[in-house]
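Secondary and tertiary structure notes
This is what each chain is made of:
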Amino acid sequence: MIGHMNCARSLTLLSDYHDGLLSEDECALVRAHLDCCTPCLGVFTDLQLIIVTSVELRNGNTINFPDEAVMWHQFKIAAYESH
Amino acid sequence: MDQEQNNYEIALIPETASAQTDIQLAQQSAAGDIGAFEELYRRHMRRVYALCLRMTANATEAEDLTQEVFTHLFRKIGGFRGESTFTTWLHRLTVNLVLMHFRKRQSRPEFTSHNDETPEEIVRGTENPNAMPVIDRLALEKAIAKLAPGYRTVFVLYDVEGYEHEEIAQMLNISVGTSKSQLHRARLNLRKLLRQQADAD
């Protein structure tokens, strides 16, 4: 396996590594680096947490939504005014 | 959705608007049934608003854009042919309108570096293992709003909404490589913002 992995390079590849977008060779290099580099592993763990939590945002529980009835009423008025 | 299932759904005799599929409601809306369109509005308004809010980080703009999305939908609903799910179609319409809004405002998200950290700065925080043990969703939402617009757009589309880089690149007229690098920088910046918040607490 030809390649060199250091922290600077590993840090740039962490997202693609997580998302499964690296070649097999690059993936193996990053994995080997994370196995022996605690700081880079710490960054990777943080990114994993962010990514997992971002998916949870889809349920919308963190958002203050405008009043649906008011929004519909305003929409209806505007829609009929423009026709 | 295949044609057989589509035909099956068309053949159903619904009792109420809430029992009907999006496709049925879209067809009835296209035929002038405002009640059917209202049901579609109530079903999808929140998702559209959430996407607009996350992309703009501005509640007022998000409300205006939400209404604009449904106005477009109202005019174009007869054009929905069921090639994709209604949700996917509406979603893409929303993203396109928000991007048009950015272009009109001449505030197209810039896809450049914004004070990115050095590798040493990135790993510095890992000495404190408790600095980010869990992530509060509200804190993440606030951090996303603080991202530079270019980073925020790609992050919302990829990590929150689930688009692929090829789709994002096409929508934003950037390369796949740029989409990937913007996403990575967005994630690192969010990490920095969240750690700063955790240290401050």
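Before reading further, recall that the structure is shown in the block above.
Here's what I pulled together on the structure shown here.

Here is what the cut-offs are and how they apply
Residues numbered from 1 in each chain as written. Chains lettered and ligands numbered in written order. Predicted model: local features only at pLDDT ≥ 70, side-chain atom pairs only at ≥ 80, totals over all residues. Heavy atoms only, no water. Helix = DSSP H or I, 4+ residues; strand = E, 2+ residues; numbered from the N terminus. Rg over C-alpha atoms; globule rule 2.2 N^0.38 Å. Buried < 20%, exposed > 50% of the residue type's maximum accessible area, 1.4 Å probe, protein only. Contact = heavy atoms within 4.5 Å. Areas by Shrake-Rupley, 256 points an atom, 1.4 Å probe, with all protein chains shown as cover. Salt bridge = Lys/Arg side-chain N within 4 Å of Asp/Glu carboxyl O. Polar contact = N/O pair within 3.5 Å; in protein donor to acceptor, adjacent residues only side chain to side chain.

Here we look at the overall build of chain A
- Across its full length, chain A carries four helices and zero strands.
- Going from the N terminus to the C terminus, chain A shows its helices and strands as α-α-α-α.
- What you see for chain A is a C-alpha radius of gyration of 23 Å, clearly larger than the 12 Å of a compact globule of 83 residues, by over 25%.
- Dimensions of chain A, computed from C-alpha atoms along their principal axes, come out at roughly 70 × 25 × 20 Å.
- A buried classification covers 42% of the 83 residues belonging to chain A.
- For chain A, contacts bridging at least 24 residues in sequence account for 58% of all contacts bridging at least 6.
- Carbon and sulfur atoms provide 55% of the accessible area of chain A, an area that totals close to 4600 Å².

Considering the interface of chain A and chain B
- Taken together, the contact between chain A and chain B spans 40 residues of the former and 46 residues of the latter.
- Counting across the chain A and chain B interface gives five salt bridges.
- Measuring nitrogen to oxygen at the nearest pair gives 3.2 Å for the salt bridge that ties Asp19 of chain A to Arg187 of chain B.
- Inspection of the chain A/chain B interface yields 15 residue pairs in polar contact (both at pLDDT 80 or more).

Things to note about the pattern of salt bridges
Residues and elements named next belong to chain A.
- Under the defined criterion, the tally for this structure stands at 13 salt bridges over all chains.
- In this structure, Arg9 engages Glu26 in a salt bridge whose closest nitrogen and oxygen atoms are separated by 3.4 Å. Taken together, the residues span a long stretch of sequence, with Arg9 in helix 1 (residues 7-18) and Glu26 in helix 2 (residues 24-36) at a distance of 17 residues.
- By relative accessible area, Arg9 is classed as partly exposed at 31%.

None of the figures reported here should be taken as evidence of function without further support.
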